[in-house]
Amino acid sequence: MKRFFATIFAVLAISALASAADYSINDDAVDALIEAAVEVSPSVSDLTASAPVSLPSSTVSSVSPVASFILCTFLGGFGIHRHYMGTRPFMWVLYTFTFGGIFGVVPFIDWVFLLIGVVEDNISQYCGNTKFFMWA
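Parameters at a glance
Residues numbered from 1 in each chain as written. Predicted model: local features only at pLDDT ≥ 70, side-chain atom pairs only at ≥ 80, totals over all residues. Heavy atoms only, no water. Helix = DSSP H or I, 4+ residues; strand = E, 2+ residues; numbered from the N terminus. Expected span 1.5 Å × (residues − 1). Buried < 20%, exposed > 50% of the residue type's maximum accessible area, 1.4 Å probe, protein only. Arc of directions from axis to C-beta. Contact = heavy atoms within 4.5 Å. Phe/Tyr/Trp six-rings, centres within 6.5 Å; stacked < 30°, edge-to-face > 60°. pLDDT = per-residue confidence, 0-100. Axes fitted to C-alpha atoms, helices over the stretch in contact; angles between N-to-C directions. Parallel < 35°, antiparallel > 145°, perpendicular 65-115°, else oblique. Left-handed = near helix turned anticlockwise from the far one by under 90°. Nonpolar A, V, L, I, M, F, W, Y, C, P; charged D, E, K, R; others polar.

Caption draft 1: Layout of helix H8 (residues 105-120). In this model H8 runs 23 Å from its N-terminal to its C-terminal C-alpha over 16 residues, within 8% of the 22 Å that 1.5 Å per residue would give. Every buried residue of H8 is accounted for by Val106, Pro107, Asp110, Leu114 and Gly117. Viewed end-on, H8 has its buried residues packed into an arc of 85 degrees, placing them on one side of the element. Opposite its buried face, H8 presents the exposed residues Phe108 and Val119, each directed more than 90 degrees away. Close packing links the buried residues of H8 with helix H5 (65-75), helix H6 (80-84) and helix H7 (91-97).

Written as structure tokens, this is what we have:
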């Protein structure tokens, strides 16, 4: 606890000693930087790059609906099934720190959609989905 207060005191002391009057802006350097800048406009290829990432077809076909369903059944609160299906690397953090995906609601809905996917033998629309709610 002493370290915490010592750290807070040190940060506040350093902040009090820093003054905006000590800094200056070189207007000529800023103008030269702006003159040398290149204007960039978004193109169609830039807009498609921000679209959701999809897995290659070989990866999507290798994801088993049954394995995803079993992972969701036993480890759904940790988002392991989403990691298996190819989502963002840190999706498990969102599931874990929202107390099992908003207190278990999100994994339960994932479980229902994966059960439907097992019956239909198709979960390709959920593979590679980077959204928190895979069904949305």
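Having put the structure on the table, let's press on.
Caption draft 2: The packing of aromatic side chains, seen in detail. Following the criterion strictly, the structure yields nine aromatic pairs and no others. Pairing phenylalanine 69 with tryptophan 111 gives two aromatic rings, centres 5.3 Å apart and planes at 35 degrees, and the pair type is tilted. With phenylalanine 69 in helix H5 and tryptophan 111 in helix H8, the pair connects residues that are 42 residues apart, well separated along the chain. With relative accessibility at 18%, the residue phenylalanine 69 sits in the buried group. You can call tryptophan 111 partly exposed: its relative accessible area is 28%. Their ring planes at 50 degrees and their centres at 5.4 Å tell us that tyrosine 95 and phenylalanine 132 sit as a pair that is tilted. Placement of tyrosine 95 in helix H7 and of phenylalanine 132 in the segment after H8 is noted, with a sequence separation of 37 residues between them.

Caption draft 3: Structural view of the confidence of the model for the chain. Averaged over every residue, the pLDDT of the chain is 82; residues scoring 70 or more account for 85%. By mean pLDDT, helix H3 (residues 44-49) is the weakest element of the chain at 54, and H5 is the strongest at 93.

Caption draft 4: Molecular detail of the packing of H5 against H8. Relative orientation of the contacting elements H5 and H8 amounts to 155 degrees, with a least axis distance of 9 Å. Relative to H8, the element H5 lies roughly antiparallel. Between H5 and H8 lies a crossing of left-handed hand. Contacts between H5 and H8 pair Pro65, Val66, Ser68, Phe69, Cys72 and Thr73 from the former with Pro107, Asp110, Trp111, Leu114, Leu115, Gly117 and Val118 from the latter. Grouping the amino acids of the contact of H5 with H8 by side-chain chemistry returns nine nonpolar, three polar and one charged.

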